Amino acid sequence: MSESTLGRDTPQVNARSKVLGRALYAGDIQLPGMLHGKVLRSPHARARIRSIDTRAARALPGVKAVVTGDDAPGTRWGVSHKDRHILAKGQVRFCGEEVAAVAAVSEDIALDALDLIRVEYEEEPALLDPELALADGAAQVHAGHDNVSHRIRYHRGDVDAALAQAAVVHEARYSTHPQYAGYLEPMATVAMLDADGRLQVWASTQSVFLARARLAAALEWPVSRIRVTAPTVGGGFGAKIIEDANTLVAALLALRAGRPVRLVNSRIEDFLGSCSSLPERIDLALGMTREGLIVAKDVRILADCGAYSGLCAEVMHVSAMRSDNMHRLANVRCDATLAYTNNPPHGAFRGFGGTQMLFALNSHIDTMAGLLGLDPVEIHRRNAIGRGETSVHGWHIGSTGLQECMDQCTAAIGWAERRARPRGSGTLRRGVGMATAMHVSGNRTIGNWDGSTVVVKVNEDGRVVVHCAEGDMGQGAMTMLAQVVAHELDLPIDHVHVATPDTDVAPFCIGSLASRVTIVSGNAAIVAARRARDTLLEAASALLQAPAAELELAAGKVRVRADHARTRSLAEVVRQHIWRHGGEGVHVSGTWDAQTRMFDQDLMGNIAPGYSFAAQAVEVEVDTQTGQVRLLQSFVSDDCGKALNPMAVHGQSNGAAAQAVGWTLYEQMRYENGRLVNGNFADYTMPTAESLPELRSGIVESDEPNGPHGAKGASETAILPGAAAIANAVHHAIGVRIRDLPITPEKVLAALAGSGRTEPDHA
Amino acid sequence: MHEFDFLEPATLAEASRMADDLGDGVRFIAGGTALVLTLRQRMVRPSHLISLGRIDSLRGIDVGPDGGLRIGALTRHAEIAGHAHVRAHWPMLAGMAARLANPQVRNQGTIGGNLCYADPATDPPACLLALGARVVLASHRGTRELALEDFLVDYYETALGQDELLQEIRLPALPPGARGVYARFLRTAAEHRPLATVATVVQVEGDVCTRARIAVGAAVPVAQRLPSAEAELAGFAITRERIEHCAANAAATLSPLDDARGSADYRQAMVRVQLLRSLGDAFGLERT
Amino acid sequence: MGMHTLDLTVNGETVSTSVPARRLLADFLREDLHLTGTKRGCETGICGACTVLVDGQPLKSCLSLAVMASGCEVRTVEGLREGETLQRLQESFVRCAGLQCGYCTPGMLMSACALLEANPQPTADEVRAALGGNLCRCTGYTQIVESVLDAAGRRDGD
């Protein structure tokens, strides 16, 4: 295939618009008569709203609409739990909850109007600790039921018997903190009622169809009166899937004002209004044989979803179950509880619950490696599930490159030599650590469907438009689709235009989550493109006077395979199709539905078409006088099945690794009485260019049978091992084990002081 | 932010008179990096901003006949960092200015604006204290000169009167052989603001320290000299034991800030660690 | 609280207008001149997505009032001039995956442009220092640094 870019470094198809500053993000959209929206948020974690006086705000010149909970429809919205209104009605459940909103002719006037809204609150004692929220007699976060948002329990085999027989049993408690998604583009929406009375919405979202459904539910409108388009989206990382109220408030203001409204979160509003990742306390017990084989795994999880559940149940589900499938387990038990509190809502973030559990599991394996006198890599190797096997929960492992990932990353950082290095006694001490991870590419558990549909149009100039609304927030989904279609039709990639996601035009889709788009939509794109090819060859058959079976596509033309001199351009062929088919152009769709199973009531079922794996090795240097941990080097190896675009995979791996470093060492959301106190980038410190070494990454291609050209997802898996790799490296360096993230200088110093002396070396 | 009027006087006297006439509701604005943030956060509501941008007498870096340095208040950090004479003769000052905040703020913020805003979590105060800085305050009534330690009164508070501007910073010439070390301690590599700043300027003859000036900032509400620590060094032979003792005692004398960015204990501990390292560097002792 | 006259050059073109004093330079560029390439990403002057060149120096347009740029020459990411540093950088960022979502990219390009104009052959560390005031959440910075070095004519740095 002469033109194909598959497997080659391919710049993003919309990179040019971005570097020229022409790409439009939602906050860049300017419409005639457009108003600017701002949201008034609760200063209290828990309170009754006694009254709201908006008269002064309404009277301010330039203010065109003021809305409160009384103006919002009664239907609750949410994910699996519909527990939320667009604007609070009668009570607020977290500090930052949306109470009122204003649309005015300028952002400054809208902010002035917010200052004029008088809300009378009756504060109530807030529930901020999930354990207290679950205690008997605790106040109810949502009236009418207890504070359990979700519970997961399962038991396979006989964990207690297996633990009793294990050569070594280790139990420990781990805790993880919430991470703010930190996309550079704050959540933003432009909403407008058009001349036909339909709501037109441009939203910074990972899923236009989920946004449309959310709007329809919350506004009590039929979905067909709503059109959602995604402009260029400036990052999402899971927090722009389905849990934000920004789009809903913008729509409510637009309907009330009768004019377009642009609602852009300021950064503090985004800290308050978006969901940070789910904090969890994990009690883990593993039993192993003397050779390091895991014979039993016992997990208890307590997670705090905050005031509204969002995607937290699904996230906790991943924490509970997913890592079981990495290893050959027979005996595993889990009891996980998700509690409501009056903390700001948590939700989905890259890794979707995997980072929390894999921090615990990989730290635990490292500890037990020490107890057994084994290299932790060896334990990971011996337990890793293999290709063709079925896991304890019924997952079919079609491909795995985990062994190669471990080989690659440990070699890259000089693992063996650095492990063998004696622990220093100076102020600065170095150590290495590694961790492994497993993730899904696709996930049927979200609604019992995991398919995608792609529409391919070939225009009368022989160029192509692709409609697929799965969503590109920078990870490169549009580029992947263009690559796949261009490959099938043997066209140069810039002859394939992937249209902006638009619910009026594109086929229904779930969106960019669960690392599903490459495998699910890539496959759908192949189906659609081949259907387009067949249609073109059929139409060309008459022109070339040869059966379609003897024709092929090559470099923008159709030709007779046996005689390349007999050709027609695609443009001619398309026009032929139009004339011969009553005006119908070449406009085909292809669907691919993962042949997976929703899990049954025992949580058994192969829920994804592919499973991705990763391993990471790092080296750190600990300053034993300051407690600071410096990352010296990091290498992430990602098994993505097949790298359709290596440059993009490396970008995802490096970006994911950076976020993991941030979560582990640099970022911490700080609260006082349920109020976030560091909701800004000066005080919530995400990694900067100077705070990271050159992050390195490698690709392993395990060739997934279900994947388009063997490809699986590559974007979340790489965030999963980082925290444990760093914690393990710190332990290697100074003999202290930090089980409670983040790893702060203060904790390191306290641990060093507490341990008195460093632990003896293990193999 | 709230509305205000923006005035652009051409001279210092004019600016000062405006401040007098308009009373409490005014703020001077230089580079704007700190003040614009405060305005955007709607924390202050000045009726007027008096821009100093047109007052050329506030610009420039000059060397006096005695070798002393005069830095106009409107001098940007990047200009200090890049100035050939400052780099050659006050490398500690140039180095500090080259690393504070981030490149954009270094191009935009001014040394005078930094000192007048008196945010403790910044670099210049401790560095300038250790260099013996004095400031000249000016108004339409005349000028007065203060030691920097008398200008920096408290947390976000200076000795500026209502109608006064900071005109320039003066540094005495450094004696030959003087060695200065400036260190900024960030709690993590991703932090944007120092948790502690330590500046030391020493002179030795043989292995005896003849002079020491030590200043600490960021960890405390207002940057301060450490005279007791200086007294432990000046006139003594410098050994590792002596500087360890000095650093420990110096840290113990502080009343550090305690807030979400760091506890008092940790700040105190880090001042001790950093001061020991800086003294070691200043005196040429090997790090352990 | 009236309007202030504002005369400046933006991307080589003279602009003569009047603005309220409280208008930020970032908002003036984005809303008044419709140059939306410059982005706003935070309120504490940290993220750097608003970085523009004023008289050749990178600064944060969200920390500057429009009136303070009077008489200055402002360059934004839209100030593409054939064959110049900015264009070389834009090509390198595309070629070397120096961007993903693209939101931080205009600011990164302006900071990198100022760096290369002052220091045509920077080391990787110098690139990281020059970009110390620009946050990226997507890339982990590795490919951004590679892009800048590529534009400087060297791929692997020192």
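Residues numbered from 1 in each chain as written. Chains lettered and ligands numbered in written order. Predicted model: local features only at pLDDT ≥ 70, side-chain atom pairs only at ≥ 80, totals over all residues. Heavy atoms only, no water.

The next thing to look at is the domain arrangement of chain B. Residues and elements named next belong to chain B. Looking at the assigned domains, one finds that chain B contains domain 1 (5-51), domain 2 (56-171) and domain 3 (179-282). Here domain 2 and domain 3 have C-alpha centroids that lie 21 Å from each other. Contacts between domain 2 and domain 3 engage 22 residues on the former and 23 residues on the latter. Where domain 2 packs against domain 3, one counts three salt bridges. Residue Arg184 is joined to Asp123 by a salt bridge in which the shortest nitrogen-to-oxygen separation is 2.8 Å. Taken together, domain 2 and domain 3 are joined by eight residue pairs in polar contact (both at pLDDT 80 or more). Elements with a minimum of two residues in the side of domain 2 that touches domain 3: helix H5 (91-99), helix H8 (124-130) and strand E8 (152-154). A total of five residues in the side of domain 2 that touches domain 3 trace back to one element, the largest contributor, which is H8. (Domains from an automatic or database assignment. Contact = heavy atoms within 4.5 Å. Salt bridge = Lys/Arg side-chain N within 4 Å of Asp/Glu carboxyl O. Polar contact = N/O pair within 3.5 Å; in protein donor to acceptor, adjacent residues only side chain to side chain. Helix = DSSP H or I, 4+ residues; strand = E, 2+ residues; numbered from the N terminus.)

This part is about the interface of chain A and chain C. Contacts between the two partners involve 59 residues from chain A and, on the opposite side, 47 residues from chain C. Here chain A meets chain C over a buried area of about 3900 Å², counting both sides, of which 55% is carbon and sulfur. The three residues of chain A that bury the most area against chain C are Val19(A), Leu184(A) and Ala689(A), which together make up 18% of that side's buried surface. At the junction of chain A with chain C, the criterion picks out five salt bridges. Taken together, chain A and chain C are joined by 29 residue pairs in polar contact (both at pLDDT 80 or more). At eight residues, helix H17 (residues 646-666) of chain A tops the list of elements feeding residues into the side of chain A that touches chain C. For the side of chain A that touches chain C, a count of residues per class yields 27 nonpolar, 20 polar and 12 charged. (Buried area = accessible area lost by both parts, 1.4 Å probe. Nonpolar A, V, L, I, M, F, W, Y, C, P; charged D, E, K, R; others polar.)

Attention now goes to the pattern of salt bridges. Side chains that carry opposite charge are capable of pairing whenever their charged atoms lie near each other. Scanning the entire structure with this criterion turns up 72 salt bridges over all chains. With a closest N to O distance of 2.7 Å, Asp53(A) and Arg55(A) form a salt bridge. For Arg55(A), a relative accessible area of 62% puts it in the exposed group. Sharing partners across several salt bridges, the network here consists of Asp62(B), Arg70(B), Arg134(B), Glu145(B), Glu168(B) and Arg170(B). (Buried < 20%, exposed > 50% of the residue type's maximum accessible area, 1.4 Å probe, protein only.)

The subject of this paragraph is the packing of aromatic side chains. Residues and elements named next belong to chain A. Scanning all chains against the criterion turns up 14 aromatic pairs over all chains. Look at Phe209 and Phe508: their rings are 5.0 Å apart centre to centre, the planes differ by 55°, and that puts the pair in the tilted class. A residue pair is termed long-range when its members are at least 10 positions apart, and Phe209 in helix H6 (residues 208-219) and Phe508 in the loop between strand E23 (496-498) and helix H15 (517-544) qualify at 299 residues. A relative accessible area of 4% places Phe209 in the buried class. With a centroid separation of 6.0 Å and an interplanar angle of 70°, the aromatic rings of Phe271 and Phe681 are classed as edge-to-face. Note that Phe271 is positioned in helix H8 (residues 267-273) and Phe681 in the loop between strand E31 (675-676) and strand E32 (696-700), a separation of 410 residues in sequence. (Phe/Tyr/Trp six-rings, centres within 6.5 Å; stacked < 30°, edge-to-face > 60°.)

Every buried residue of helix H3 (residues 107-116) of chain A is accounted for by Asp108(A), Ile109(A), Ala110(A), Asp112(A), Ala113(A) and Leu114(A). On its buried side, H3(A) packs onto strand E1 (35-41), helix H2 (55-59), strand E3 (63-68) and strand E7 (98-104) of chain A.

Tallying the contact residues gives 18 residues for chain B and 24 residues for chain A. A buried area of about 1800 Å², summed over both sides, lies between chain B and chain A, and 47% of it is on carbon and sulfur atoms. Inspection of the region where chain B meets chain A yields four salt bridges. In this structure, Asp623(A) and Arg277(B) form a salt bridge, with 2.8 Å as the shortest nitrogen-oxygen distance. Between chain B and chain A we count 12 residue pairs in polar contact (both at pLDDT 80 or more) in total. No other element matches helix H12 (residues 264-282) of chain B, which puts four residues into the side of chain B that touches chain A. Looking at the side of chain B that touches chain A, its residues break down into nine nonpolar, four polar and five charged.

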